[in-house]
Amino acid sequence: MPPHQDLDIRARRLLRTLIAQYLTDGEPVGSRTLSRSSGLDVSPATIRNIMADLEEAGLVASPHTSAGRIPTPRGLRLFVDSLIELQPLPREEMVRLQRELPPGPMTVRDMVGNASALLSAMTHFAGVVTVPRQTDFPLRHIDFVPLPDARVLVILVFSDNQVQNRVIQLAKPLDGRELEQAANYINEHFVGLRVDDIRAHLLRELREASSELHQLLSSAVELAAASFAPQNEDVLVSGQTNLMAYSELANLDRLRELFEAFQQKNELLQLMEVCAKAPGVRLFIGEESGFAALDGCSVVTASFGAQGRLLGAVGVIGPTRMAYERVIPVVQATAGLLSEALNRASKAS
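The model shown is predicted, which means the values in this text are computed figures rather than measured ones.

In terms of helices and strands, the protein chain carries 12 helices and 10 strands. Relative to the compact-globule value of 20 Å for 349 residues, the protein chain shows a C-alpha radius of gyration of 26 Å, a clear excess of over 25%. Referenced to the eigenvectors of the C-alpha coordinate spread, the extents of the protein chain come out at roughly 90 × 40 × 35 Å. Here the contacts in the protein chain between residues at least 6 apart in sequence split such that 61% fall between residues at least 24 apart. Just so you have it, the protein chain exposes about 17200 Å², and 49% of that area is on carbon and sulfur atoms.

What follows is the structure in structure tokens.
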């Protein structure tokens with residue numbers, strides 16, 4: 001794709017005008033419309049020549065049924081990267097976000113779910129968010145309850161107020177006193193740490209332990225290894241039916257494929273994991289996502305985190321014909337407010 005600086009001023013102006021018009025009404029844009037809207041004092045023949053050059057460069061295309069042109073994903077990418085100036089989110093929309101992302105106590109899953117639903121409502125697209133792994137949050141308390149057949153009920157309370165109950169299987173049974181000693185040891189020494197750190201500390205202490213501590217630590221390590229096993233990640237999608245309102249996505253087969261991707265989540269989760277690993281805004285237009293179900297869609301995400309750690313990504317999925325200059329700041333602001341809320345929750349714990 002020719003870089004922005006390789007397009008002369010007239011070509012940049014016409015491409016910007018064409019894309020802005022297309023994003024507004026979704027129709028191919030003809031030379032006469034460009035002549036009226038661009039503000040350039042050039043002949044229709046000159047406009048046609050410039051448009052032919054842009055088409056040859058892969059930035060615009062001519063649908064078979066129309067003499068006008070529409071932007072390609074390449075053209076949209078150049079438009080987003082170089083031809084629009086993103087502005088801060090208007091104050092009234094920021095106030096709405098702050099008002100509808102309540103700071104009150106709630107689990108992280110509820111918090112990110114609210115963010116996804118709010119993004120969907122504000123953009124009229126599908127909102128999407130990764131649910132952070134529970135192991136990314138510090139442990140507040142742990143209890144072990146003996147069950148038959150060497151099984152143990154583990155009750156985990158995390159700093160985000162989430163409570164998880166897990167049943168684990170041990171190699172040999174531990175009685176109630178041994179389980180209580182292990183729980184007390186973990187609660188006394190490791191509350192406030194993440195489970196990966198607790199496991200590492202326990203293993204190090206086990207290697208260095210005196211003989212009288214060895215049995216207690218062995219039990220604690222076995223219990224921790226089973227209790228803190230990685231859990232499957234999840235992604236929440238809100239407002240999928242909003243996408244039915246857009247003509248470019250209204251084909252039934254197209255919608256079926258898209259909704260199946262939302263339901264199965266595997267590909268979507270892979271994409272969101274990529275977005276969550278890098279700070280800032282990520283944008284995939286059309287085939288850039290690498291997943292066939294999202295061809296014809298754009299995905300705009302921003303990562304969020306707490307205490308200096310990236311925890312996930314939140315964003316929207318919509319047609320490639322979206323108002324990027326509005327959607328990107330909304331997504332960015334939502335991720336920022338989500339990070340602030342998670343930081344407050346971490347400090348409060």
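We are not done yet, so read on.
Where charged atoms from two side chains of opposite charge approach closely, those side chains can pair. Inspection of the entire model under this criterion finds 10 salt bridges. Across the pair Glu 100 and Arg 96 runs a salt bridge, and its minimum N-O distance is 3.2 Å. Here Glu 100 pairs with Arg 96, and both are found in helix H5 (residues 91-100), just four residues apart, close to one helical turn. Since its relative accessible area comes to 34%, Glu 100 is described here as partly exposed. Judged by its relative accessible area of 28%, Arg 96 is partly exposed. Where salt bridges share partners, they join Arg 77, Asp 81 and Glu 288 into one cluster.

Strand order in the open sheet formed by five strands is E7-E3-E10-E9-E8, and the pairing between neighbours is antiparallel. A single partner strand is all that each edge strand has here, and the edge strands are strand E7 (234-238) and strand E8 (281-285). Here the strands of the sheet are splayed against their neighbours by 20° on average, with no regard to which way each runs. Alignment of strand E3 (residues 126-131) against E7, held across five bridges, turns out to be antiparallel. The residue bridging Val 129 from the neighbouring strand is Leu 236, located in E7. Helix-sheet contacts for helix H6 (residues 108-123) involve E3, E7, strand E9 (297-306) and strand E10 (309-319), and the interaxial angle to E7 is about 35°.

On to the pairing of E7, then. Summarising burial for E7: five of the five residues are buried, a large majority. Of the two faces of E7, both are covered, the one formed by Asp 234, Leu 236 and Ser 238 as well as the one formed by Val 235 and Val 237.

For the rest of this paragraph, the subject is helix H7 (residues 176-190). With 15 residues, H7 extends 21 Å between its outermost C-alpha atoms, agreeing within 8% with the 21 Å of an ideal straight helix rising 1.5 Å per residue. Of the positions making up H7, those classed as buried are Glu 178, Leu 179, Ala 182, Ala 183, Tyr 185, Ile 186, Asn 187 and Phe 190. N-capping of H7 is provided by Asp 175, with a side-chain oxygen placed 3.1 Å from the backbone N of Arg 177. Of the residues one or two after H7, Gly 192 is the one with positive phi, at around 100°.

Moving on: the side chain of Asn 187. Secondary-structure assignment places Asn 187 in helix H7. Side-chain polar atoms of Asn 187 contact the backbone oxygen of Ile 142, separated by 2.9 Å. Ignoring anything within four residues of it in the chain, the contact list for Asn 187 reads His 141 and Ile 142.

Rules of the game
Going along each chain's sequence as written, the residues are numbered from 1 onward. The predicted nature of this model means local features are confined to residues of pLDDT at least 70 and side-chain atom pairs, given and counted, to a pLDDT of 80 or more, with totals for whole chains, interfaces and linings taken over all residues. Calculated side-chain values reflect all of the structure's heavy atoms, with hydrogen atoms and water omitted. Only DSSP runs of H or I reaching four residues or more are called helices, and only runs of E reaching two or more are called strands; each is numbered from the N terminus. Here the radius of gyration uses the C-alpha set of atoms, whereas the globule reference equals 2.2 Å times the residue count to the power 0.38. The contact definition used throughout considers only heavy atoms, calling two residues in contact when any of these lie within 4.5 Å. Surface accessibility follows the Shrake-Rupley procedure with a 1.4 Å probe radius. Residue values consider only the protein chains on display as shielding. A carboxyl oxygen of Asp or Glu within 4 Å of a side-chain nitrogen of Lys or Arg is what we treat as a salt bridge. The cut-offs for exposure are 20% and 50% of the maximum accessible area for each residue type, with area from a 1.4 Å probe on protein chains only; residues under the lower value are buried, those over the upper are exposed, and the others partly exposed. Strands are treated as partners if at least two bridges between them are detected by DSSP. Lines fitted to the C-alpha atoms define the axes, with helices restricted to the stretch that makes contact. Angles between their N-to-C directions range from 0 to 180 degrees. By definition here, a helix of n residues has an expected span of 1.5 Å times n minus one. Think of a polar contact as two N or O atoms within 3.5 Å of one another; within protein, one of them needs to be a possible hydrogen donor and the other a possible acceptor, and neighboring residues in sequence only count if both atoms come from side chains.

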